[in-house]
Amino acid sequence: EWDKIRIGTEGAYPPFNYIDENGKLQGFDIDIAKALCQEMGADCEFVVQDWDGLIPGLMAKKYDCIIASMSITEERKKKVDFTEKYYMTPARFVAKKSETLNLFKKGIEGKTVGAQRATVSENFLRDNFSDVVKIKSYATQDEANLDLVAGRVDLVIADAVVLLGGLLEKEQGKDFTFVGPGFTDKKWFGDGIGIAVRQGDDGLRKKFNDAIKAIRGNGIYQKINAQYFDFDAYGD
């Protein structure tokens, strides 16, 4: 019946999922998850797990699904099933304002670029720029941002909204800016952000899909969206 659902999330990816100063899980992912659970009439419990352990934890049945800004990609579909998307935002590079860079390979040749480990942004970076830049991988996006501010990397790449809220809108990010366009190429970034479930859990996947459609239709999604963004995170 899926009246009780355990949800795996990272808790280190603001503004989508993070732990506040009181030790409480907050963020867009968390609020959407709660709204979906309410729509389904399910009692939901969150389980915090490091990013690169999320899919292994799901497969080991530590929780029933993952709601943690996980992109729907062909590579991940080999291990888990996904719902339809519940948002889609582009990846972008950030660098110091004083840097005059373009994102053609010649423009960042010899630079060091930071990315969160095991993310679509890191995969995109490795496939497209690893022959001209040095790549540093981090357990969390915050660690990558801190190294950018400290000058240990020249650029970082991540979801644009995460970089905006986690760096550029903060005091420590005042000397930094987006560089180049947004990237949403399906080959790396998939079909948007979805909820991962174990392969074969079609009943749970359908419940989530129906609930996503319902909260998009009754205005609850839009209310949550407006608390975080001045644009529709759902995308096209």
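Further up the page is the structure itself.
Quick notes on the rules
- Here the residue index of a chain counts from 1 through its sequence in written order.
- Note on the predicted model: pLDDT of at least 70 is required for a residue's local features to be given, and 80 or more for side-chain atom pairs to be given and counted; whole-chain, interface and lining totals, by contrast, use all residues.
- Values reported for side chains reflect all heavy atoms of the structure, with hydrogen atoms and water molecules removed beforehand.
- Starting at the N terminus, helices and strands are each numbered in turn, a helix being any DSSP run of H or I of at least four residues and a strand any DSSP run of E of at least two.
- Here the term buried applies to any residue with accessible area under 20% of the maximum for its type, exposed to any over 50%, and partly exposed to those in between, with areas from a 1.4 Å probe on protein chains only.
- The contact definition used throughout considers only heavy atoms, calling two residues in contact when any of these lie within 4.5 Å.
- Each accessible area is a Shrake-Rupley result for a 1.4 Å probe, and residues are judged covered by the shown protein chains and nothing else.
- A pair of strands is labelled paired if DSSP reports no fewer than 2 bridges between them.
- Throughout, an axis means a line fitted to C-alpha atoms (over the contacting stretch in the case of helices), and angles, computed between N-to-C directions, take values from 0 to 180 degrees.
- The disulfide criterion is simple: two cysteine sulfur atoms within 2.5 Å.

## Points about the overall build of the protein chain
In terms of regular secondary structure, the protein chain is built from ten helices and 13 strands. Dimensions of the protein chain, computed from C-alpha atoms along their principal axes, come out at roughly 55 × 35 × 35 Å. Out of the 236 residues belonging to the protein chain, those deemed buried represent 51%. Summarising the internal contacts of the protein chain: among those between residues at least 6 apart in sequence, 68% fall at separations of at least 24. Element-wise, carbon and sulfur atoms account for 46% of the exposed surface of the protein chain, whose accessible area totals about 11,400 Å².

## A word on unusual backbone geometry
Look at the link from Pro14 to Pro15: it is a cis peptide, with omega at 5°. Mapping Pro15 onto the fold places it in the loop between strand 2 (12-13) and strand 3 (17-19). Phi is positive for Lys61, which is not a glycine, with a value near 65°. Here Lys61 is to be found in the loop between helix 2 (54-59) and strand 6 (65-71). Even without glycine at this site, Ala118 takes up a positive phi of about 65°. Among the structural elements, Ala118 can be located in the loop between strand 9 (112-116) and helix 5 (120-129).

## Overview of the pairing of strand 7 (residues 80-87)
Within strand 7, six of the eight residues are buried, leaving the element largely enclosed by the surrounding structure. Where strand 7 lies against strand 13 (residues 193-198), five bridges are found, and the strand directions are antiparallel. Within strand 13, the residue paired with Lys85 across the bridge is Gly194.

## Some thoughts on the sheet that holds strand 12 (residues 176-183)
Across the sheet, which stays open at both edges, the five strands sit in the order 10-9-11-8-12 with mixed pairing between neighbours. Of all the strands in the sheet, the pair left with one neighbour each is strand 10 (134-138) and strand 12. Across the sheet, the mean angle from the axis of one strand to that of its neighbour is 25°, orientation sign disregarded. Strand direction decides the pairing type here: strand 8 (residues 91-96) and strand 12, joined by five bridges, are antiparallel. Its bridge partner lying in strand 12, Ala95 is registered against Thr177. Sheet contacts for helix 5: strand 8, strand 9, strand 10, strand 11 (155-159) and strand 12; angle to strand 11, the most-contacted strand, approximately 130°. Of the strands in this sheet, strand 8, strand 9, strand 10, strand 11 and strand 12 are in contact with helix 6 (residues 141-150), which crosses strand 11 at around 150°.

## Here we look at the state of the cysteines
By definition, a disulfide is the covalent link that joins the sulfur atoms of two cysteine residues. The tally for this structure, following the rule as stated, stands at one disulfide. The disulfide that involves Cys37 links it to Cys44, with 1.9 Å between the sulfurs. Measuring handedness by torsion sign, the sulfur bridge of Cys37 and Cys44 sits at about -90° and is left-handed. Here Cys37 falls in the buried class, since its relative accessible area comes to 4%. No disulfide involves Cys65; its nearest neighbouring cysteine sulfur is the one of Cys44, lying 7.0 Å away.

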